[in-house]
Amino acid sequence: MPLQNTSDSYGAFTKLFHWIIVVLFAWQYVSGNIMTGMERGDTVAGLGQNDYYNWHKSIGLVALAIAVFRLLNRYIGRLPGWAPTLSGGEKKVIHRLEQVLYLAMFVMPVTGYIYVMAGGFGVLLFGEYKLPDPIGKSETLAFYGKWIHIYAGYVLAAAVAGHLFIVLRHQLFMKDGLLFRMLPARRK
Ligand code: HEM
Ligand code: HEM
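Structure report, in brief. As the structure is a computational prediction, the values presented were derived from the model and not from experiment.

### Quick word on the coordination of the iron atom of ligand 1
Part 1 of the argument: Distances from the iron atom of ligand 1 to its protein donors, H56 (NE2) and H149 (NE2), fall at 2.0 Å.
Part 2 of the argument: Geometry at the iron atom of ligand 1 is octahedral, judged from its six donor atoms and the angles of 87 to 179° they form at the metal. Note that H56 is positioned in helix α2 (residues 49-76) and H149 in helix α4 (residues 139-174), a separation of 93 residues in sequence. We note that H56, like H149, is buried.

Put into structure tokens, the structure is as follows:
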């Protein structure tokens, strides 16, 4: 498998970044909902609320770093041609959805970061390193950071659902192997 995309397939970097982000974002949704839903002193799967906050913030910042590499990789390289089975309408929808997905990869971690810094909560990276706070306390920034973080989370979830719907419709009903374009060993 080539490292970079070619004219008819995604390369190893694109596939690796894609699936790392899927796993990290799945964790972000799970941890985000657990930590905001539990009480102080509760534990879920052996972890307390502080642990979930720490891991949510830390993994979220790792996801931001990966999003930077992913975007660079997309700009430096080329994109493979469209899958031949996509209709004109689907191509337009996919194009818009991908813009939303890329935007969310930055808006989510950046607003989360602004919220915790401006709110005075800070980030203890992986429970070890206290990150410097270049923002300082600001109620207004914390307010907007938090609400954009929460509502952008819903927009992202809707975009991922649309993305998944198109992929699964092709893979399971049209049986054209669209999913294989993003899997390590491309079979189609
Ligand atoms: C990278 C992608 C990220 C995703 C997909 C994500 C997703 C989420 C979700 C789904 C929630 C639950 C929202 C709700 O209450 O309904 C949440 C909450 C939260 N996130 Fe993130 N997050 C990300 C990154 C970050 C980062 C980098 C930070 C901070 C450095 C952060 C800080 C927070 C905080 C403090 C909350 C709790 C907000 C509240 O009190 O309601 N997040 N996040
Ligand atoms: C289980 C969930 C997912 C599956 C099965 C899946 C599957 C796929 C497949 C098969 C493609 C290639 C489509 C083509 O032929 O062009 C693709 C592309 C893409 N996916 Fe996903 N995806 C998932 C989740 C996500 C998530 C969570 C994001 C972002 C937050 C995302 C962002 C993208 C983007 C931006 C592309 C275009 C290629 C690129 O620039 O990386 N996907 N996905």
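Moving on from the model shown.
### A word on the side chain of S58
Part 1 of the argument: Looking at where S58 falls in the secondary structure, it is placed in helix α2.
Part 2 of the argument: Residues contacting S58, with those up to four places away along its chain left out, are L124, L125 and F126.

### A closer look at a nonpolar patch on the surface
Part 1 of the argument: There is a patch of nonpolar side chains on the surface, built from F143, Y144, W147, I148, I150, Y151 and Y154 and spanning about 760 Å² of accessible area.
Part 2 of the argument: Within the secondary structure, I150 is located in helix α4.

### Points about the site of ligand 1
Part 1 of the argument: Around ligand 1 lies a shell of 23 residues, among which Q28, M35, H56, G112 and H149 are the nearest.
Part 2 of the argument: Within the side chain of H56, an N or O atom sits 2.8 Å from a nitrogen atom of ligand 1.
Part 3 of the argument: In the model, a nitrogen atom of ligand 1 is placed 2.8 Å from a nitrogen or oxygen of the H149 side chain.
Part 4 of the argument: Mapped by element, the contributors of at least two residues to the shell around ligand 1 are α1 (12-37), α2, α3 (88-118) and α4.

### Thoughts on the coordination of the iron atom of ligand 2
Part 1 of the argument: All of the protein donors around the iron atom of ligand 2 are H18 (NE2) and H163 (NE2); their distances to the metal are 2.0 Å.
Part 2 of the argument: Geometry at the iron atom of ligand 2 is octahedral, judged from its six donor atoms and the angles of 87 to 180° they form at the metal. Linking H18 in helix α1 with H163 in helix α4, this pair joins segments that are 145 residues apart in sequence.

### Some words on the site of ligand 2
Part 1 of the argument: Neighbouring residues of ligand 2: 20 residues in total, closest Y10, H18, Y102, H163 and R181.
Part 2 of the argument: One of the side-chain nitrogen or oxygen atoms of H18 is found 2.8 Å away from a nitrogen atom of ligand 2.
Part 3 of the argument: Secondary-structure elements contributing two or more residues to the shell around ligand 2 are α1, α2, α3 and α4.
Part 4 of the argument: By residue number, the principal contributor to the shell around ligand 2 is α1, which donates five residues.
Part 5 of the argument: When its residues are assigned to classes, the shell around ligand 2 shows 13 nonpolar, three polar and four charged.

### Some points on the side chain of T111
Part 1 of the argument: Relative to the helices and strands, T111 resides in helix α3.
Part 2 of the argument: Of note is the side chain of T111, whose polar atom sits 2.7 Å from the backbone oxygen of V107.

### So, the packing of aromatic side chains
Part 1 of the argument: Taken as a whole and assessed by the stated rule, the structure comprises eight aromatic pairs.
Part 2 of the argument: When the ring of F143 is compared with that of Y144, the centres are 5.3 Å apart and the planes differ by 80°; the resulting orientation is edge-to-face.
Part 3 of the argument: Residue F143 is classed as partly exposed on the basis of its relative accessible area, which comes to 46%.
Part 4 of the argument: One aromatic cluster in this structure is built from F143, Y144, W147, Y151 and Y154.

### Observations concerning the packing of α2 against α3
Part 1 of the argument: Two elements in contact, α2 and α3, have axes whose closest approach is 10 Å; the angle formed by their N-to-C orientations is 145°. The crossing of α2 and α3 is left-handed. Each of K57, G60, L61, L64, A67, V68, R70, L71 and R74 in α2 lies in contact with α3, whose residues at this interface are E98, Y102, M105, F106, P109, V110, Y113 and V116.

Conventions used here
Residues numbered from 1 in each chain as written. Chains lettered and ligands numbered in written order. Predicted model: local features only at pLDDT ≥ 70, side-chain atom pairs only at ≥ 80, totals over all residues. Heavy atoms only, no water. Donors = N, O, S within 2.8 Å, 3.2 Å for Na, K, Ca; no water. Tetrahedral: all angles 85-135°; square planar, octahedral: opposite > 155°, others 65-115°. Helix = DSSP H or I, 4+ residues; strand = E, 2+ residues; numbered from the N terminus. Buried < 20%, exposed > 50% of the residue type's maximum accessible area, 1.4 Å probe, protein only. Contact = heavy atoms within 4.5 Å. Patch = residues over 30% accessible without salt bridge, like charges linked within 9 Å, V, L, I, M, F, W, Y side chains within 5 Å. Areas by Shrake-Rupley, 256 points an atom, 1.4 Å probe, with all protein chains shown as cover. Salt bridge = Lys/Arg side-chain N within 4 Å of Asp/Glu carboxyl O. Near = heavy atom within 4 Å. Polar contact = N/O pair within 3.5 Å; in protein donor to acceptor, adjacent residues only side chain to side chain. Nonpolar A, V, L, I, M, F, W, Y, C, P; charged D, E, K, R; others polar. Phe/Tyr/Trp six-rings, centres within 6.5 Å; stacked < 30°, edge-to-face > 60°. Axes fitted to C-alpha atoms, helices over the stretch in contact; angles between N-to-C directions. Left-handed = near helix turned anticlockwise from the far one by under 90°.

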